[in-house]
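For reference, the chains in residue letters:
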Amino acid sequence: MKLKKLFAVAIAAVMSLSIVGCGEKADKDDLTYIKDNGKMVIGYTVMNPLNYTDENGDFVGFETEFAKEVCKRLGVEAEFVEINWDTKETELNSKNIDCIWNGMTITPERAENMSISTPYLENRQVLVVRAEDAEKFEASLEGASVIAEQGSAGEELMNSADAFKGATCTPVASQATALMDVAAGTSDVAVIDYVMAGGSVGEGTDYKNLVIVDKNFESEEYGIAFRKGSNVTAEVNKIITEMMQDGNLIVIADKYGLTNILIAK
């Protein structure tokens, strides 16, 4: 009987330690969680010049190189996972990704729901149209079919700004889809980030028949989003400051033609 009792006590102790262990894992802070995994899983969508595959088949871009350098200084690998932009917060909170790092506009709502880094690039929304339609849509968007990426700053603007009154506004899967649809004549106008439009349309690009119509919409700022209350944000902010001070971030921005919109901190 005594042996049985001792065995039962030993089993109970092991089970208790297991439960504590699980609890500790569940309560692990974000920085420890990422460092223990040895990687930061970065959610992105295809967006030239931020995250894209070049003609050599290499995954490149300003955000790509920026993220790799930050992860290197943090002591982890950068792992990139393509996501649906409309479900980005769900992906983040479920830990399918560790951050959203892909030209994400900082808004009050996002700042409330996530922990966002110091801003690093300035942006604004612009219209992209076929060259032959530029004059018409500079004057008015009345009757135009307008599209923007679902869940993006472009969609929010499209659904709220007076400039779009009288237009038919529809969300699409991505900014890349929006460009393809306008180029194909499926839609008239795409509302996308200036940062993407500058590197994606006009002479020397795949969309040489498309041009930018700039309505001087309000400027925005890009930030990196982590989980609410994450202690990774402060660490990444320190590294961003270091990269500005040592010139590394300026070199990366210059490589992709973004130096003029880099926010110096």
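Quick note: structure is the one above.
Source: prediction; values computed, not measured.

Rules and cut-offs
- Residues numbered from 1 in each chain as written.
- Predicted model: local features only at pLDDT ≥ 70, side-chain atom pairs only at ≥ 80, totals over all residues.
- Heavy atoms only, no water.
- Axes fitted to C-alpha atoms, helices over the stretch in contact; angles between N-to-C directions.
- Helix = DSSP H or I, 4+ residues; strand = E, 2+ residues; numbered from the N terminus.
- Parallel < 35°, antiparallel > 145°, perpendicular 65-115°, else oblique.
- Left-handed = near helix turned anticlockwise from the far one by under 90°.
- Contact = heavy atoms within 4.5 Å.
- Nonpolar A, V, L, I, M, F, W, Y, C, P; charged D, E, K, R; others polar.
- Phe/Tyr/Trp six-rings, centres within 6.5 Å; stacked < 30°, edge-to-face > 60°.
- Buried < 20%, exposed > 50% of the residue type's maximum accessible area, 1.4 Å probe, protein only.
- Arc of directions from axis to C-beta.
- Polar contact = N/O pair within 3.5 Å; in protein donor to acceptor, adjacent residues only side chain to side chain.
- Disulfide = S-S within 2.5 Å.
- Core = buried A, V, L, I, M, F, W, Y, C linked by side-chain atoms within 4.5 Å.

A.B. asks: So what about the packing of helix α3 (residues 62–74) against helix α11 (residues 248–255)? Which residues, and what values?
C.D. replies: How two helices pack is summed up by the angle between their axes together with the distance between the axes. Their axes nearest at 9 Å, the elements α3 and α11 cross at an angle of 160°. Taken together, the axis directions place α3 and α11 in an arrangement best described as roughly antiparallel. Classified by chirality, the crossing of α11 by α3 is right-handed. In this structure, α3 uses Phe62, Glu65, Phe66, Glu69 and Arg73 to contact α11, whose residues at the interface are Asn248, Leu249, Ile252, Ala253 and Lys255. Taken together, the residues of the contact of α3 with α11 sort by class into 5 nonpolar, 1 polar and 4 charged.

A.B. asks: Describe the packing of aromatic side chains, listing the residues and the values that go with them.
C.D. replies: Enumeration over the complete set of coordinates arrives at 8 aromatic pairs. Taken together, a centroid distance of 5.2 Å and an interplanar angle of 65° make the contact between Phe59 and Phe80 edge-to-face. In this pair, Phe59 sits in strand β3 (residues 59–60) while Phe80 sits in strand β4 (residues 77–82), placing the two residues 21 residues apart along the sequence. Look at Phe59 and you get partly exposed, because its relative accessible area is 24%. Relative to Tyr120, the ring of Phe66 lies with its centre 5.1 Å away and its plane at 75°, an arrangement referred to as edge-to-face. Highlighted residues: Phe66 in helix α3 and Tyr120 in the loop between β6 (115–116) and β7 (121–123), separated in sequence by 54 residues. An aromatic cluster is defined as three or more aromatic residues linked by ring pairs; in this entry it consists of Phe62, Phe66, Trp101 and Tyr120.

A.B. asks: Report on unusual backbone geometry, specifying residues and quantitative values.
C.D. replies: A cis amide bond links Asn48 with the next residue in sequence, Pro49, at an omega value of 15°. One can find Pro49 in the loop between β1 (39–44) and β2 (52–53). One non-glycine residue, Lys95, adopts positive backbone phi at about 65°. By the secondary structure assignment, Lys95 is in the loop between α4 (88–93) and β5 (99–105). Taking the relative accessible area as the measure of exposure, Lys95 reaches 33% and is therefore partly exposed. In the Ramachandran plot, Asn216 falls in the positive-phi region, its phi being about 55° despite a non-glycine side chain. Along the chain, the position of Asn216 falls in the loop between β12 (210–213) and β13 (220–226). What makes Asn216 exposed here is its relative accessible area of 65%.

A.B. asks: Can you lay out helix α2 (residues 30–37) for me, pointing to particular residues and giving the numbers?
C.D. replies: Inspection of α2 places Asp30, Leu31 and Ile34 among the buried residues, and these make up the whole buried set. With its buried residues spanning 100° around the axis, α2 presents them on a single face. Against the buried residues of α2 lie β1, α3 and α10 (232–245). Where α2 begins, one side-chain oxygen reaches toward the backbone nitrogen of Leu31, 3.1 Å away; that side chain belongs to Asp29. At the C-terminal side of α2, Gly38 shows a positive phi close to 75°.

A.B. asks: Describe in detail the state of the cysteines, supporting the description with residues and values.
C.D. replies: Under the counting rule described, the total for this entry stands at 0 disulfides. Take Cys71: it sits in no disulfide, and the sulfur closest to it among the cysteines is that of Cys99, at 6.9 Å. For Cys71, a relative accessible area of 0% corresponds to the buried category.

A.B. asks: Report on the nonpolar core, specifying residues and quantitative values.
C.D. replies: Core analysis: the largest hydrophobic core is formed by 52 residues, its most contacted members being Met40, Phe62, Phe66, Trp101, Leu121 and Leu258. Those residues in contact with Phe62 that lie beyond four places of it in its chain are Pro49, Leu50, Tyr120, Leu121, Leu249, Ile252, Ala253, Tyr256, Leu258 and Leu262. By size, the runner-up hydrophobic cluster in this structure holds 17 residues, among which are Ala134, Leu157, Met158 and Val213.

That's the geometry; what it means functionally is another story.
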